[in-house]
Amino acid sequence: MSEHAAPREAPRTASGPAPWTARVLTLFPEMFPGPLGLSLAGKALERGIWALDVLDIRDFARDKHRAVDDAPFGGGAGMVMRPDVLDAALAAAKARAAKGSGRATAPVIYLSPRGRLLDRALARELARGPGAILLCGRYEGVDERVLEAHGIAELSIGDYVLSGGEPAALVLIDAVVRLLPGVMGNHESPAEESFERGLLEYPHYTRPAEWQGRKVPEVLVSGHHEKVRKWRQAQAERITEQRRPDLWARYVKDRDDEGPDR
Ligand code: ADE
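Residues numbered from 1 in each chain as written. Predicted model: local features only at pLDDT ≥ 70, side-chain atom pairs only at ≥ 80, totals over all residues.

Chemist: Honestly, the overall build of the protein chain in this entry has me stumped. Any pointers?
Modeler: Across its full length, the protein chain carries 7 helices and 10 strands. Per-residue burial over the protein chain gives 27% buried out of 262 residues. Residue pairs at least 24 apart in sequence account for 77% of intrachain contacts in the protein chain once pairs closer than 6 positions are excluded. (Helix = DSSP H or I, 4+ residues; strand = E, 2+ residues; numbered from the N terminus. Buried ≥ 20, exposed ≤ 12 C-beta atoms within 10 Å, placed from the backbone. Contact = placed C-beta atoms within 7 Å.)

Chemist: How should I be thinking about helix 5 (residues 166-177) in this particular structure?
Modeler: Since one α-helical turn is 3.6 residues long, residues separated by three or four positions face the same way. Here helix 5 is 12 residues long and its end C-alpha atoms lie 16 Å apart, about the 16 Å a rise of 1.5 Å per residue gives. Inspection of helix 5 places Glu-166, Ala-168, Ala-169, Leu-170, Leu-172, Ile-173, Val-176 and Val-177 among the buried residues, and these make up the whole buried set. (Expected span 1.5 Å × (residues − 1).)

Chemist: How should I be thinking about the site of the ligand in this particular structure?
Modeler: Around the ligand sit Leu-111, Ser-112, Pro-113, Ser-156, Ile-157, Gly-158, Tyr-160, Val-161, Leu-162, Gly-165 and Ala-168, and that is every residue in its neighbourhood. Considering every element that reaches the shell around the ligand, the biggest residue donor is strand 5 (residues 108-117), with 3 residues. (Near = placed C-beta within 6 Å.)

Chemist: Teacher, can you tell me more about the sheet that holds strand 1 (residues 20-26) here?
Modeler: Hydrogen bonds along the backbone pair up the strands of a sheet, which may run parallel or antiparallel. Pairing within the open sheet is parallel, and its 5 strands lie in the order 2-1-6-5-8. With partners counted over all chains shown, the strands left at the sheet margins are strand 2 (50-56) and strand 8 (153-156), one partner each. Neighbour to neighbour, the strand axes of the sheet diverge by 35 degrees on average, direction disregarded. With respect to the sheet, helix 5 is in contact with strand 1, strand 2, strand 5, strand 6 (131-136) and strand 8, its orientation differing from that of strand 6 by roughly 165 degrees. (Pairing = 2+ DSSP bridges. Axes fitted to C-alpha atoms, helices over the stretch in contact; angles between N-to-C directions.)

Chemist: Can you walk me through the confidence of the model for the protein chain in this structure?
Modeler: When pLDDT is averaged along the protein chain, the result is 91, and 89% of the positions lie at 70 or above. Segment residues 1-12 is flagged for pLDDT under 50; beyond a separation of four residues in sequence, or across chains, it makes 18 contacts in the model. (pLDDT = per-residue confidence, 0-100.)

Here you go:
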């Protein structure tokens, strides 16, 4: 096996535990951190609030061609990623995770359109843990046995097919990292965001107060905080009911279950 690249991890401070760590197994390590090196996630990465450890799956190929895939048993189009290669890569990622954290073990997740759909609850659940080991597939997918052997959960970011798991891993990491303590400033608290209260977000406006003949809603310039709050609530409810009947039904049920004191 060839030498592995040094992990691109934030240095651990002598005092605290390791930060939330995304360990990504991929055939395209150059894709990381990609867009996550910029903006909010990038700043948090620099500040050591989270860490990224990228493993190149090809480094774990054993034959002289460094093959990571092979034809599917039973025939058919495409190639399947080999279980022995993935097993070696996963073992290395798990060993690094065990060294990096005295806390609970990080879940292993395979990004796949067959998986559980990523939502706010799952992002929160992951943010509470020590990190995640993210397996990115290419080709037709990975050998099923390696998923069974490592007890790997599958996760999808939507009902469409990407050409690989990498963009999905970037989406997942972004959704989780912004929930980590210290990543968002107080003024950009997630409490008001879409989904956080089971509703989509109300509309936003800024200066100029009139633009191309369109005025900002009167209530927002009234300075009346309670009226603004009620208007935003009503707008969030209207938009959710119109656009997402599924969320709206759940919201109404939860509200009714909570009773009249709400
Ligand atoms: N890999 C390919 N398509 C995907 C999707 N929709 N979600 C997660 N991983 C994927």
